[in-house]
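Spelled out from the first residue to the last, the chains are:
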Amino acid sequence: METQKTISPDYTSYPAALAPFVRENSLVVRSPGRINLIGEHTDYNDGFVLPAAIDKAAYFAITPTEGDFIKLHSADFHEDYKTTIHELRKSEKNSWPNYLLGVADQFKKACVTLSGFEGTITGEIPLGAGLSSSAAVECAIAFALNELLQTGFSKLQLVKMAQRAENDFVGVRCGIMDQFASMFGLRDHVIRLDCRSLDYEYEPFRMEGIRMVLLDSGVKHSLASSEYNVRRQQCEEGVSIIQKKYAEVQSLRDVTQTMLDELLLPVVPLIYRRCKYVVEENLRLLAACEDLKKGDMKSFGNKMFDTHHGLSRDYEVSCSELDFLVDAVQNNPSVLGSRMMGGGFGGCTINIVNEGAVEELIQSVGEMYFQSFRKELKAYVVKIEDGTSLVRHIG
Ligand code: GLA
């Protein structure tokens, strides 16, 4: 593409790192990471979630080229990856191209005629911190290809393609929450998503006097190699046992505590604990939404602590660093709620903190954390932002 002119950078709409890769005929898409207030490990159980998109995003620049080459570049890793439209295969060497190739593969599977392109990705979402940088990248390329090729897929169709890319190509059997939140995020609102019907409502999330603080344990989680898929399978196992007696049950969404006590507790105590957490978490989320409507953030925050304890003790997807970070703030009157967030096994805790106490909290927890784990604690104070969008049209 030497013949094409690099255009002058537009730092207001995308990061400077992307500027050398943006040409006259490039599109640039911004797609954010996400937080989730409550409703963890419920999405793949047909349950409810309450996520929001944040002010940290991935950016993808796409430029059409002649021929059938796909040339990818990671501006953050300074790496290239080249393949052709006919050879869309999982890269074993690097993982970052797979989030992009997996989505291109979904377009192919949807019978879209792809043509060659160059794509460059960069991002400000901390990797492995449980903020769904992978979903952001998937949504970014899905949105970009849809625009470039004028394929006319709806946002929901793009979300599903992005999720399938993660399921089939990357190999994580994730639910729909991360991709949905990245694509459908709305500034100052959380999304109450019913993962069974995919009906959703935006609930205003008032930030007067409070801040959303993410404390990053620095423990990198790798969902693909972690127990994530195992948890999903354990939930399915619970459902299949319950179905033998209650044929109408399709997922944990339809299961009651009585069914769990009757059919799982006596025979499969581990599966019982996994399923109990999910059943409780769905009820907790619905109650938390009532708190939100009433503006009762204290009660909402208490439920976040309860979620953490369920995730840690029953679902067992926490780790000692995350437990430490929640314990460290549990009795702090300036912290309304705290819990591990996302898939687990590392990443961040999400904390709702009184505005005036943020700096001191970060410092004091940071010191305690360092003393216990000899690790620097990173902290991000995030705002709720809009979802995936085009930030540069073809010039
Ligand atoms: C990961 C997955 C989501 C969801 C969460 C846990 O982020 O990608 O689909 O299951 O874990 O709530």
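Please read these numbers as outputs of a predicted model, since none were measured by experiment.

Quick look at the overall build of the protein
Thought 1: Along the backbone of the protein there are 10 helices and 13 strands.
Thought 2: A compact globule built from 395 residues should have a C-alpha radius of gyration of about 21 Å, and the protein, at 21 Å, falls within 12% of that.
Thought 3: With the C-alpha coordinates of the protein rotated into their principal frame, the extents come out at 65 × 55 × 40 Å.
Thought 4: Each of the 395 residues in the protein was classed as buried or not, and the buried ones make up 59%.
Thought 5: Of the contacts made within the protein by residues no fewer than 6 positions apart, 70% connect residues no fewer than 24 positions apart.
Thought 6: Of the roughly 16400 Å² of accessible surface on the protein, a fraction of 49% belongs to carbon and sulfur atoms.
Thought 7: Between the averaged position of the 42 positive side-chain charges in the protein and that of its 54 negative side-chain charges there is a distance of 2 Å.

So, the site of the ligand
Thought 1: The immediate surroundings of the ligand are formed by 13 residues, with E40, H41, D43, D178 and Y228 found nearest.
Thought 2: Within the contact set of the ligand, an oxygen atom lies 3.1 Å away from a side-chain nitrogen or oxygen of R34.
Thought 3: Note that an oxygen atom of the ligand is positioned 2.9 Å from one of the backbone N or O atoms of G175.
Thought 4: Of the residues belonging to the shell around the ligand, the class tally is 5 nonpolar, 4 polar and 4 charged.

Things to note about the domain arrangement of the protein
Thought 1: The assigned domain composition of the protein is domain 1 (16–204 + 385–392) and domain 2 (210–382).
Thought 2: Taking only C-alpha atoms, the centre of domain 1 and the centre of domain 2 are 25 Å apart.
Thought 3: Domain 1 puts 36 residues into the contact, and the matching count from domain 2 is 48 residues.
Thought 4: Across the interface of domain 1 and domain 2, roughly 3500 Å² is buried in total on both sides, 61% from carbon and sulfur atoms.
Thought 5: Counting the surface domain 1 buries against domain 2, the share from its top three residues, I38, H41 and R173, is 20%.
Thought 6: Counting every contact that joins domain 1 to domain 2 gives 5 salt bridges.
Thought 7: Of the charged contacts, one joins D194 and R253 as a salt bridge, the two residues approaching to 2.9 Å between their closest N and O atoms.

Calculation notes
Residues numbered from 1 in each chain as written. Predicted model: local features only at pLDDT ≥ 70, side-chain atom pairs only at ≥ 80, totals over all residues. Heavy atoms only, no water. Helix = DSSP H or I, 4+ residues; strand = E, 2+ residues; numbered from the N terminus. Rg over C-alpha atoms; globule rule 2.2 N^0.38 Å. Buried < 20%, exposed > 50% of the residue type's maximum accessible area, 1.4 Å probe, protein only. Contact = heavy atoms within 4.5 Å. Areas by Shrake-Rupley, 256 points an atom, 1.4 Å probe, with all protein chains shown as cover. Lys, Arg positive; Asp, Glu negative; His and termini not counted. Charge placed at Lys NZ, Arg CZ, Asp CG, Glu CD. Near = heavy atom within 4 Å. Polar contact = N/O pair within 3.5 Å; in protein donor to acceptor, adjacent residues only side chain to side chain. Nonpolar A, V, L, I, M, F, W, Y, C, P; charged D, E, K, R; others polar. Domains from an automatic or database assignment. Buried area = accessible area lost by both parts, 1.4 Å probe. Salt bridge = Lys/Arg side-chain N within 4 Å of Asp/Glu carboxyl O.

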